[in-house]
Amino acid sequence: MPVSPRAVVYCEGLFGEPDGKTANGLVRSSESYEIVAVIDSTRAGQDAGALLDGVANAVPVLASLAEVVDRLPSAPDVLIVGMAPASGMLSPADRLVLLDGISRGLDIVNGLHEFLGDDAEFAAAALIAGVTITDVRRPKPTKDLRLFTGRIAEVTCPRIAVLGTDGAIGKRTTTTLLVQALNARGVRAVMVGTGQTALIQGARYGVALDATVPQFCSGEVEGQVLDAFENESPDVIVIEGQGALSHPAYLTSAYILRGSRPQAVIVQHAPARAVLDDFPAIAMPSVASEIALIEAFAETRVIGVTVNHENLSDSQLGDAIDQLELDLGIPATDPLTRHLDELVGMVLLAFPALAAIAVPLAAAN
């Protein structure tokens, strides 16, 4: 097996927070890189897995790149920008850290809207050091972008989109866990990513949707789903959501619904979140209103709700799950703290043909 590059993730002041979602996702799952450390001086000295999910994973959170180089038995190969602030831009202090990484011979992987390969200072530093800069959100040339064709109708397996009531709320994490859990039960599931973090993690099929020319967004989603279907012959395709259909700042959910035309949707919600992330003047929508909007906008149905447990005790989380199921009449669970079979159960209940091929839970374990 090829050895994955060793990567340190830079996430100063934001690890474990919504705007640190790229770092959070990479610590939880990465097929492309071996994550060896996280840089965040405000949380230094902790174990990254324990901080995120209460389960240690031996990935340390360190205060600086210098400490990473001093502490680790061998130097990393890659420095990944692990923040995803609303501005999509680096601060002057962030620039210095990344330039230091380049001077130490580290390749840079950047998921922000600011393309470092086009920055004269970064380009010159990379050339001198002999390293690469990968701007993940850089769109394909226009000639390579795809318009919507309607060929999505040729995809005969179920398509499930994981949407949400806000950005940075856990949609990608739920999508990843659902795909892994379905495959563990013998249901061949494939993920289609729609954001920079999924692409950095190693999603085989995906597009950075918020960096794509709007005219091509639906077509790019459709094209990725078609590629996944034709290349993998899956039993089900799960599409990562972006933003929220109700969100005033984002249109990406609309393109996902139009391009993938999912037969079912799972909605991710944070019951304790009072206002939209990065938009403190705007109240969070209710799950019921988001479901109504999704089902009015697209020919689909919401089959379950997944809960983000931020700022909830375990008892509060249990109450929230019970209340959602009572109010909405559909299953609800938290994929990070409850057994993943509850998440899989949403899908098997909605699609009996998948239930017929799923390996029984006892056999899967």
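Residues numbered from 1 in each chain as written. Predicted model: local features only at pLDDT ≥ 70, side-chain atom pairs only at ≥ 80, totals over all residues. Heavy atoms only, no water.

Observations regarding the packing of aromatic side chains
Move 1: Evaluation of the coordinates by the stated rule reveals one aromatic pair.
Move 2: Between the NZ or CZ atom of Arg 258 and the centre of the ring of Phe 297, over which it lies, the distance is 4.0 Å.
Move 3: Of note, Arg 301 hangs over the ring of Phe 351, and the distance from its end group to the ring centre comes to 5.7 Å. (Phe/Tyr/Trp six-rings, centres within 6.5 Å; stacked < 30°, edge-to-face > 60°. Lys NZ or Arg CZ within 6 Å of the ring centre and 35° of its normal.)

Brief notes about the pattern of salt bridges
Move 1: Applying the stated criterion across every chain, the model contains 23 salt bridges.
Move 2: Across the pair Asp 227 and Arg 146 runs a salt bridge whose closest N-O atoms are separated by 3.2 Å. Within this pair, whereas Asp 227 is found in helix α8 (residues 214-232), its partner Arg 146 is found in the loop between β6 (133-135) and β7 (159-164), the two being separated by 81 residues in sequence.
Move 3: Judged by its relative accessible area of 22%, Asp 227 falls in the partly exposed class.
Move 4: By relative accessible area, which is 28% here, Arg 146 ends up partly exposed.
Move 5: We note a salt bridge from Arg 188 to Glu 232, for which the minimum N-O separation is 2.7 Å. Of this pair, Arg 188 sits in the loop between α6 (171-184) and β8 (189-193) while Glu 232 sits in helix α8, and the two are 44 residues apart along the sequence.
Move 6: One connected set of salt bridges, linked through shared partners, spans Arg 95, Glu 114, Asp 119 and Glu 121. (Salt bridge = Lys/Arg side-chain N within 4 Å of Asp/Glu carboxyl O. Helix = DSSP H or I, 4+ residues; strand = E, 2+ residues; numbered from the N terminus. Buried < 20%, exposed > 50% of the residue type's maximum accessible area, 1.4 Å probe, protein only.)

Here we look at the sheet that holds β6
Each strand in a sheet pairs with its neighbour through backbone hydrogen bonds, running either in the same direction (parallel) or in the opposite one (antiparallel).
Move 1: The strand order across the open sheet formed by six strands is β3-β2-β1-β4-β5-β6, and the pairing between neighbours is parallel. Looking along the sheet, the strands with just one partner apiece sit at the ends: β3 (61-62) and β6.
Move 2: In terms of strand pairing, strand β1 (residues 6-10) meets strand β4 (residues 78-81) through four bridges, oriented parallel. Its bridge partner lying in β4, Tyr 10 is registered against Val 81.
Move 3: Relative to strand β2 (residues 34-39), helix α1 (residues 21-28) is tilted by about 140 degrees, and along the sheet it contacts β1, β2 and β4. (Pairing = 2+ DSSP bridges. Contact = heavy atoms within 4.5 Å. Axes fitted to C-alpha atoms, helices over the stretch in contact; angles between N-to-C directions.)

A short note on the nonpolar core
Move 1: In this structure, Phe 15, Ile 35, Val 38, Leu 79 and Ile 80 are the most contacted members of the largest nonpolar core, which totals 42 residues.
Move 2: Here the element with the most residues in this core is β2; it accounts for five residues.
Move 3: Discounting residues that sit within four places of it in the chain, Phe 15 has contacts with Ala 23, Asn 24, Val 27, Val 38, Asp 40, Arg 43, Ala 48, Leu 51, Leu 52 and Val 61. (Core = buried A, V, L, I, M, F, W, Y, C linked by side-chain atoms within 4.5 Å.)

Describing helix α4 (residues 92-103)
Move 1: In this model α4 runs 17 Å from its N-terminal to its C-terminal C-alpha over twelve residues, within 8% of the 16 Å that 1.5 Å per residue would give.
Move 2: All of the buried residues in α4 are Asp 94, Arg 95, Leu 98, Leu 99, Gly 101 and Ile 102. Buried residues in α4, looked at end-on, bunch into an arc of 155 degrees, giving them a common side. Across α4 from its buried face, at more than 90 degrees, point the exposed residues Pro 92, Leu 96 and Ser 103.
Move 3: Backbone geometry just downstream of α4 places Gly 105 in the positive-phi region, at approximately 90 degrees. (Expected span 1.5 Å × (residues − 1). Arc of directions from axis to C-beta.)

Observations concerning the sheet that holds strand β14 (residues 301-307)
Move 1: The strand order across the open sheet formed by seven strands is β9-β8-β10-β7-β11-β14-β15, and the pairing between neighbours is parallel. Both outer strands of the open sheet, β9 (205-206) and β15 (332-333), are each paired with one neighbouring strand and no more.
Move 2: Two strands pair when backbone bridges link them, and β7 and strand β10 (residues 236-240) are joined in this way by four bridges, in the parallel orientation. What sits directly across from Ile 160, in β10, is Val 238.
Move 3: Across the sheet, helix α10 (residues 287-297) lies against β7, β11 (264-269) and β14, angled at about 145 degrees from β14, the strand it touches most.

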